[in-house]
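For reference, the chains in residue letters:
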Amino acid sequence: MKQTVWHHLQLCAHGDPHDTIADAAIAVQDGRIEWLGAAQELPAAYRGWPREDLAGAWVTPGLVECHTHLVYGGQRADEFAQRLAGVSYEEIARRGGGIVSTVRATRAADENTLLRTAAARLEPLIAEGVTAIEIKSGYGLDLETERKMLRVARQLGERYPVAVYTTFLGAHALPPDYAGRADDYIDEVCNRMLPALADEGLVDAVDVFCERIGFSIAQSERVFEAAARRNLPVKMHAEQLSNSGGAALAARYRALSADHLEFLDEAGVAAMKEAGTVAVLLPGAYYFIRETQLPPLDLLRRYAVPIAISTDSNPGTSPATSLLLMMNMAATLFRMTVPEILQGVTRDAAAALGKQHVHGVLETGRHADFAVWSVESLAELAYWIGRPLCARVVRAGQTVYAGRT
Ligand code: DI6
Ligand code: FE
């Protein structure tokens, strides 16, 4: 039986910097939290256990990264360079760039290549304290490659000390072989791809890109109906470039989350509140495509809609692998507060995955998944730009990463 008392730490157990314990201890047995609280109140039963001294460091729940496209082939740096040289999105798409170029590269890559390249994007996230992560498909757009992507996502969870939750995003873009036949492709997604991948245990949730350049409300609803037939939760890329009413549709299907939301309106916010749908904000995509429309923070606050933050790590609009940088962008670009940001990468990000009972908060009975920080103030987690701040990552009571202290 592995017993440890972690002590000499400052504890932020709920991701709320107003709810902390200055001199705390966490008793862990076989990877689960037996007790946590003020060190002076440590029950006698735990006082003889072996100790780990954290030298007064801040401890938060392990971070939850709730929206990534981590698995894909190739990269799109040359496309980025073309855009800087003045070539338009439309011209790049005409030249075969955009999502389609990543689809080609993903179809051509074998599983080992996808695993290796995705791992290189996962490791920096783990080094920043991430202990749970969502990974989408969506660059295969055919059954074989969507399966390959989701298998790689599952393998990442087997090989790395991080809980991986997969999302089927077959409705990410229209593959070239279905040009002009979007409804036929949605048939393929709903009637063949999703059932097969769900039967193989590869799908934890289903997502759709509801947008003018993505899929319509009607097509998105068909994907949600197919997910409902398999009792799978849904989420949506919604209102990223325009207001199509996607968030309200997502709320009607009690979606776990609606993501991006720059063009979200009050009707959508109210519907999300009523449904308990989490707003996932993606400052990396906002920044990288130089968007100017801010998500409606005031409306989300007024309706008390939970707000999560994520990298949206993807090769086209957010080639990011730092959740800490997203926390700084959420502050500087979206004007979110430190408490909102900390809860946005712990408690509310866990809720965006429907895993609020497992991740995002430290309490007795849960896995001892926590991050140890080399900071004097928790505000530093949103303050520094691109600085390593994580001293240690503990997953199920075991140190799985040790950084600079
Ligand atoms: N919204 C986005 O920003 C990404 N997908 C989506 O639905 C873009 C993906 C890409 O450009 O590769
Ligand atoms: Fe995305």
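Scroll up to find the structure this text is about.
The shown structure was predicted, so the numbers you read here are calculated from the model rather than taken from an experiment.

1. Quick notes on the overall build of the chain
Here is step 1: Looking only at helices and strands, one finds 15 helices and 15 strands in the chain.
Here is step 2: For 405 residues, the compact-globule estimate of 2.2 N^0.38 gives 22 Å, and the C-alpha radius of gyration of the chain, at 21 Å, lies within 12% of that figure.
Here is step 3: Summarising its shape, the C-alpha atoms of the chain cover approximately 70 × 45 × 45 Å along the three principal directions.
Here is step 4: Within the chain, contacts between residues at least 6 apart in sequence are counted, and of these 68% link residues at least 24 apart.
Here is step 5: The average position of the 39 basic charges and that of the 49 acidic charges among the side chains of the chain differ by 2 Å.

2. Thoughts on the sheet that holds strand β9 (residues 234–238)
Here is step 1: Pairing is parallel across the open sheet formed by 8 strands, whose spatial order is β5-β6-β7-β8-β9-β10-β11-β12. Strand pairing shows two members of the sheet lacking a second neighbour, β5 (63–65) and β12 (307–309), which therefore form its edges. Strand-to-strand, the axes of this sheet are offset by a mean angle of 25 degrees, without reference to chain direction.
Here is step 2: Examined bridge by bridge, strand β7 (residues 163–171) and strand β8 (residues 205–209) share 3 bridges and lie parallel to one another. Note on β8: the bridge partner recorded for phenylalanine 168 is valine 206.

3. Side note on the coordination of the iron ion (ligand 2)
Here is step 1: Each protein donor to the iron ion (ligand 2) is listed here as His67 (NE2), His69 (NE2), His237 (NE2) and Asp312 (OD); together their distances run 2.1 to 2.2 Å.
Here is step 2: In this structure, the iron ion (ligand 2) is coordinated by 4 donor atoms arranged in irregular fashion, with angles at the metal of 82 to 168 degrees.
Here is step 3: Within one chain, the residues serving as donors to the iron ion (ligand 2) are arranged as H-x1-H-x167-H-x74-D. Taken as a pair, histidine 67 and histidine 69 share a single burial class, namely buried.

4. Considering the sheet that holds strand β15 (residues 398–402)
Here is step 1: Strand order across the open sheet formed by 7 strands is β3-β2-β1-β4-β13-β14-β15, with mixed pairing between neighbours. The strands lining the two open edges of the sheet, one partner per strand, are β3 (32–38) and β15. The average undirected angle you get between the axes of adjacent strands in this sheet is 35 degrees.
Here is step 2: Sheet topology note: the strand β4 (residues 51–61)/strand β13 (residues 370–373) ladder contains 4 bridges and is antiparallel. Among the inter-strand pairings, proline 61 is bridged to a residue of β13, identified as phenylalanine 370.

Cut-offs and rules
- Residues numbered from 1 in each chain as written.
- Chains lettered and ligands numbered in written order.
- Predicted model: local features only at pLDDT ≥ 70, side-chain atom pairs only at ≥ 80, totals over all residues.
- Heavy atoms only, no water.
- Helix = DSSP H or I, 4+ residues; strand = E, 2+ residues; numbered from the N terminus.
- Rg over C-alpha atoms; globule rule 2.2 N^0.38 Å.
- Contact = heavy atoms within 4.5 Å.
- Lys, Arg positive; Asp, Glu negative; His and termini not counted.
- Charge placed at Lys NZ, Arg CZ, Asp CG, Glu CD.
- Pairing = 2+ DSSP bridges.
- Axes fitted to C-alpha atoms, helices over the stretch in contact; angles between N-to-C directions.
- Donors = N, O, S within 2.8 Å, 3.2 Å for Na, K, Ca; no water.
- Tetrahedral: all angles 85-135°; square planar, octahedral: opposite > 155°, others 65-115°.
- Buried < 20%, exposed > 50% of the residue type's maximum accessible area, 1.4 Å probe, protein only.

Nothing here speaks to function; it is all geometry.
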